[in-house]
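Remarks on the overall topology
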Amino acid sequence: MSTDLTLVLGGARSGKSRHAEALVTAMPGPRVYIATAQVWDEEMADRVARHQQDRGPGWMTVEEPLDLSGVLRRHAVPGTNVLVDCLTLWLSNLMMDEADIPAHSAQLLETLAAVGGRVVLVSNEVGLGIVPDNALARRFRDHAGRLHQDVAALAGRVVFVAAGLPMVLKGERP
């Protein structure tokens with residue numbers, strides 16, 4: 001278990017990213033924002049621009065849709081605070097790339113256990129709704145659920161955000 005690893009889960013528009021950014025902003029040292037989103041349309045471009053504006057200055061942004069382990073090894077070094085937003089977009093990117101999800105997930109867990117910096121991971125909790133009606137959506141939900149369980153087991157703190165309210169599921173309150 002890593003006390004320097006925090007997993008922040010929540011639904012869409014729950015306030016999870018805002019909470020994760022506040023956690024990282026309160027930490028001393030440089031801040032790195034690892035963005036896993038890919039901009040495919042104007043609406044997504046607007047979302048990315050709003051996120052960047054909301055973060056404000058003082059963040060180094062690294063865009064990496066696929067090689068999350070590699071970028072973490074380069075940037076999650078002692079004294080640095082890293083925010084990854086978000087794991088579910090990363091999973092979507094891997095699925096669209098027809099990548100080996102279990103292998104990439106295992107590599108990510110190995111990397112998270114070894115990095116020297118403080119890392120906060122954001123992810124969408126997608127397992128609280130109905131069972132999806134198609135195989136692709138069910139595979140995505142299953143991959144996300146397994147990844148969340150594995151990261152939560154490794155993390156020193158797990159927070160669930162609903163309606164902008166953080167609920168600590170594991171670890172101490174910041």
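Residues numbered from 1 in each chain as written. Predicted model: local features only at pLDDT ≥ 70, side-chain atom pairs only at ≥ 80, totals over all residues. Heavy atoms only, no water.

1. What about the environment of V126?
The condition is simple: Counting from the N terminus, the helices are the DSSP runs of H or I reaching at least four residues and the strands are the DSSP runs of E reaching at least two. For the exposure calls, accessible area comes from a 1.4 Å probe over protein chains only, and a residue counts as buried if that area is under 20% of its type's maximum, exposed if over 50%, partly exposed in between. Should any heavy atoms of two residues lie within 4.5 Å, those residues are considered in contact.
With respect to the helices and strands, the residue V126 is situated in the loop between β5 (118–124) and α6 (135–154). The class for V126 is partly exposed, based on a relative accessible area of 32%. Spatially, the C-alpha atoms of V126 and R141 are 6.2 Å apart, while their sequence positions differ by 15 residues. Beyond its immediate stretch of four places on either side in the chain, V126 contacts F140, R141 and A144.

2. Some points on the nonpolar core
Selection rule: In plain words, nonpolar cores are sets of buried Ala, Val, Leu, Ile, Met, Phe, Trp, Tyr and Cys residues tied together by side-chain atoms within 4.5 Å.
Core analysis: the biggest nonpolar cluster contains 33 residues, and L68, L72, L87, L112, V119 and L121 have the highest contact counts within it. Look past the residues within four positions of L121 in its chain and what remains in contact with it is L5, T6, L7, V8, V84, L87, L112 and V151.

3. Things to note about helix α1 (residues 16–25)
Within α1, 7 of the 10 residues are buried, leaving the element largely enclosed by the surrounding structure. All buried positions along α1 are accounted for by K16, S17, H19, A20, E21, L23 and V24.

4. Quick notes on the packing of aromatic side chains
The line we're drawing: Stacked, tilted and edge-to-face are the three classes assigned to paired rings of Phe, Tyr and Trp, where Trp is represented by its six-membered ring and a pair needs centres within 6.5 Å; plane angles under 30 degrees give stacked, over 60 edge-to-face, the rest tilted.
Inspection of every chain in the model, using the stated rule, returns 1 aromatic pair. Between Y33 and W59, the aromatic rings sit 6.1 Å apart at their centres with planes inclined by 80 degrees, giving edge-to-face as the arrangement. Taken together, the positions of Y33 in strand β2 (residues 31–35) and W59 in strand β3 (residues 59–63) put the pair 26 residues apart, joining distant regions of the chain. What makes Y33 buried here is its relative accessible area of 4%. Look at W59 and you get buried, because its relative accessible area is 13%.

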